[in-house]
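# Structural overview
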Amino acid sequence: MPANSLLIAGGTVIDPEQRLEAARDVLIKDGRIEDMAAGLAKKERLSGVARIEAAGCWVTPGLIDMHVHLREPGGEADETIASGTRAAARGGVASVLAMPNTEPPIDSPALARLLAAKAREAGAVNVLVAGALTLGQKGERLTEAARLKEAGAVALSDDGRPVMDSGLMRRAMEYARDAGLLVIDHCEDASLSQGGCLHEGAAATAKGLRAIPWASETVMVLRDIALCELTQAPIHLAHLSCAQSVAALRSAKKRGLPVSAEATPHHLLLCEDDMPGYDADFKMNPPLRGKADRQALLEALADGTIDAIATDHAPHRPQRKELPLELAAFGVIGLETALGLALTRLAAKGALSRRKLIERMSCAPARLLGLKSKGSLRRGADADVTVIDPAASWTVKPPFESLSRNTPFAGLRLKGRARATIVGGRVAYAL
Ligand SMILES: [Zn+2]
């Protein structure tokens, strides 16, 4: 057997795409899934092949995080492609979608190609490129969807900034649909959220801070759904945070519209009350909402109304966080904690079966982004595999692979983590 083979032996394969949950050995060859069967590891011909022992572990399609800020180019003090993808690998994430709100924004085919080339060279995991929706992410003139697609982009987004011009958004969705790219919208009406830093609720009032009402998000969710109905062009709603947005999404899906959505671990697990004092590691956009909002997100994730878990990994160096709350940067890191949090706080608590957890963190993002050879362990698929030890206990604490440490989950004891992350047949991380 050639040296470019790898055997994952003794684990339980959980592959929602194949509706499979069973003891299987997995053979990888030349970067693809070559074979999967019970007892494969005992075969004489495979005796010399490199192997990962996975007894007691789950063997799943490589996790895909469709909302990640790698900060390169321009924000290398917060994160780089190298550090961000090492954080991904440690978290069991084999592919990340890099958001284009860098400095400069990824708004041209040349920049998209440059980023992809840099990622091939420096990335520990697959880096998928999202192009900007508008030039400079200024919300004025559209980028060229078809040429960004040719340059390797798989999605378009002005994430970090809302697209306030609805006519522009309509055209963006139509061009993106024709080019075969997913539009990912950061739903926020800036005229409603302006100046706010926390959810408009009791906690913000008690702290005496300007707040962001739920309607700031839901107004744009409803706008996007209307545009989706008008154009029949797919739209993906990023980081949903409130019950009213979930209700709008559920009704749109009932009507058969091509709308999809993601939720982050922090919105699924934390509420406005959870911020200790004025701790900026709990400040993000959209903000942590109320208990009923969190409950609505959990129910929507379980019933499939919300398609995917994505982290919105948003690293910031301490100088951008150690400020009065109004001035501190929005965002938290998430790549290294998402899987452990989902296992501990969702799967172990019965909020989400393990099969659904893998579906929401791998199969769904692959489907939404049109990644036909990912999100499954079927024969011939890319050999992106996450080996998960569901029993491993660990504590969220530095050092992190991320250059930043702005997490609201510091000190938390979790159960379950990646034992190994395999990317294109290569071991990107092993515990
Ligand atoms: Zn965003």
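## A closer look at the overall build of the protein chain
In terms of regular secondary structure, the protein chain is built from 13 helices and 20 strands. Its C-alpha atoms give the protein chain a radius of gyration of 21 Å, within 12% of the compact-globule value 22 Å for 431 residues. In terms of overall dimensions, the protein chain has a C-alpha envelope of 65 × 45 × 45 Å along the principal axes. Relative to its full complement of 431 residues, the protein chain shows a buried share of 58%. A sequence separation of at least 24 residues applies to 75% of the contacts in the protein chain between residues at least 6 apart.

## A closer look at the sheet that holds strand β16 (residues 259-263)
With parallel pairing, the eight strands of this open sheet are ordered in space as β8-β9-β10-β11-β12-β15-β16-β17. Each of the sheet's edge strands pairs with one partner strand only, and the pair in question is β8 (63-68) and β17 (308-309). Sheet topology places β8 next to strand β9 (residues 93-98); four bridges connect them, and they run parallel. Bridge assignment links Asp-65 to a residue of β9, and that residue is Val-96. Across the sheet, helix α2 (residues 109-122) lies against β9, β10 (126-131) and β11 (153-157), angled at about 170 degrees from β10, the strand it touches most. On top of the sheet, helix α13 (residues 354-368) reaches β8, β12 (182-185), β15 (235-237), β16 and β17; it is set at about 65 degrees to β8, its chief contact.

## Topic: the domain arrangement of the protein chain
Per the domain assignment, the segments of the protein chain are domain 1 (5-59 + 381-430) and domain 2 (62-368). The C-alpha centroid of domain 2 is placed 26 Å from the C-alpha centroid of domain 1. Taken together, the contact between domain 1 and domain 2 spans 30 residues of the former and 42 residues of the latter. Of all the elements in the fold, those that place two or more residues in the side of domain 1 that touches domain 2 are β18 (385-395), β19 (413-423) and β20 (426-430).

## Section: the pairing of strand β3 (residues 20-23)
Of the strand pairs in this sheet, strand β2 (residues 12-15) and β3 are connected by four bridges, and their pairing is antiparallel. Counted as the bridge partner of Val-13 is Ala-22 from β3. Where β2 folds back onto β3 in an antiparallel hairpin, the turn is made up of four residues, including Arg-19, whose phi is positive at roughly 50 degrees.

## Topic: the nonpolar core
Residues Ile-8, Val-26, Ala-98, Leu-156, Leu-297 and Val-387 are the most contacted members of the largest nonpolar core, which totals 137 residues. Here this core spans two domains, and each of domain 1 (5-59 + 381-430) and domain 2 (62-368) adds at least three residues to it. Other than its neighbours up to four places away in sequence, Leu-297 contacts Leu-240, Val-246, Ala-263, His-267, Leu-268 and Ile-306.

## Structural notes on helix α8 (residues 243-254)
With 12 residues, α8 should reach 16 Å at 1.5 Å per residue; the first-to-last C-alpha distance of 17 Å fits that figure. Turning to α8, its buried residues number three or more, namely Ala-243, Ser-245, Val-246, Ala-248, Leu-249 and Ala-252. Once α8 ends, the next one or two residues include Gly-256, with phi positive near 85 degrees.

## Looking at the packing of helix α7 (residues 214-231) against α8
Describing two packed helices takes the angle between their axes plus the distance from one axis to the other. Packing of α7 against α8 brings their axes to within 8 Å, and their N-to-C directions diverge by 15 degrees. Overall, the two elements α7 and α8 adopt an arrangement that is roughly parallel. Crossing hand, α7 versus α8: right-handed. Of α8, the residues touching α7 (which contributes Trp-214, Glu-217, Thr-218, Val-221, Leu-222, Ile-225 and Cys-228) are Gln-244, Ser-245, Ala-248, Leu-249 and Ala-252. For the contact of α7 with α8, the residue count by class is eight nonpolar, three polar and one charged.

## A closer look at the packing of helix α12 (residues 338-347) against α13
α13 packs onto α12 with a crossing angle of 140 degrees between their chain directions and a minimal axis gap of 11 Å. Here α13 runs oblique to α12, going by the angle between their axes. Read as a crossing pair, α12 and α13 show a hand that is right-handed. Packed against α12, whose contacting residues are Ala-342, Leu-346 and Ala-347, the element α13 presents Arg-354, Leu-357 and Met-361 at the interface.

Procedures and definitions
- Residue indices begin from 1 for each chain and proceed along its sequence in written order.
- Only residues with pLDDT of at least 70 get local features here, since the model is predicted, and only at 80 or more are side-chain atom pairs given and counted; chain-wide, interface and lining totals rely on the full set of residues.
- Segments assigned H or I by DSSP are reported as helices when at least four residues long, segments assigned E as strands when at least two residues long, and all are numbered from the N terminus.
- C-alpha atoms define the radius of gyration, and 2.2 Å times the number of residues to the power 0.38 defines the globule rule.
- With C-beta atoms placed from the backbone, a residue is buried if 20 or more other C-beta atoms are within 10 Å of its own, exposed if 12 or fewer are, and partly exposed between those counts.
- In this description, a residue-residue contact is defined by the distance between C-beta atoms placed from the backbone, which must lie within 7 Å.
- For two strands to pair, DSSP has to find at least two bridges joining them.
- Between N-to-C directions, angles cover 0 to 180 degrees, with each direction set by a line fitted to C-alpha atoms, over the stretch in contact for helices.
- Residue ranges for the domains originate in an automatic or database domain assignment.
- The term nonpolar core refers to a set of buried Ala, Val, Leu, Ile, Met, Phe, Trp, Tyr and Cys residues connected through C-beta atoms within 7 Å.
- Each helix should span, by expectation, one fewer than its residue count multiplied by 1.5 Å.
- Angles are sorted into four bins: roughly parallel if under 35 degrees, roughly antiparallel if over 145, roughly perpendicular if 65 to 115, and oblique for all others.
- Whether a crossing is left-handed or right-handed is set by the direction in which the near helix is turned from the far one by less than a right angle, anticlockwise for left-handed and clockwise for right-handed.
- Asp, Glu, Lys and Arg are counted as charged, while Ala, Val, Leu, Ile, Met, Phe, Trp, Tyr, Cys and Pro are counted as nonpolar; the rest, among them Gly, fall into the polar class.

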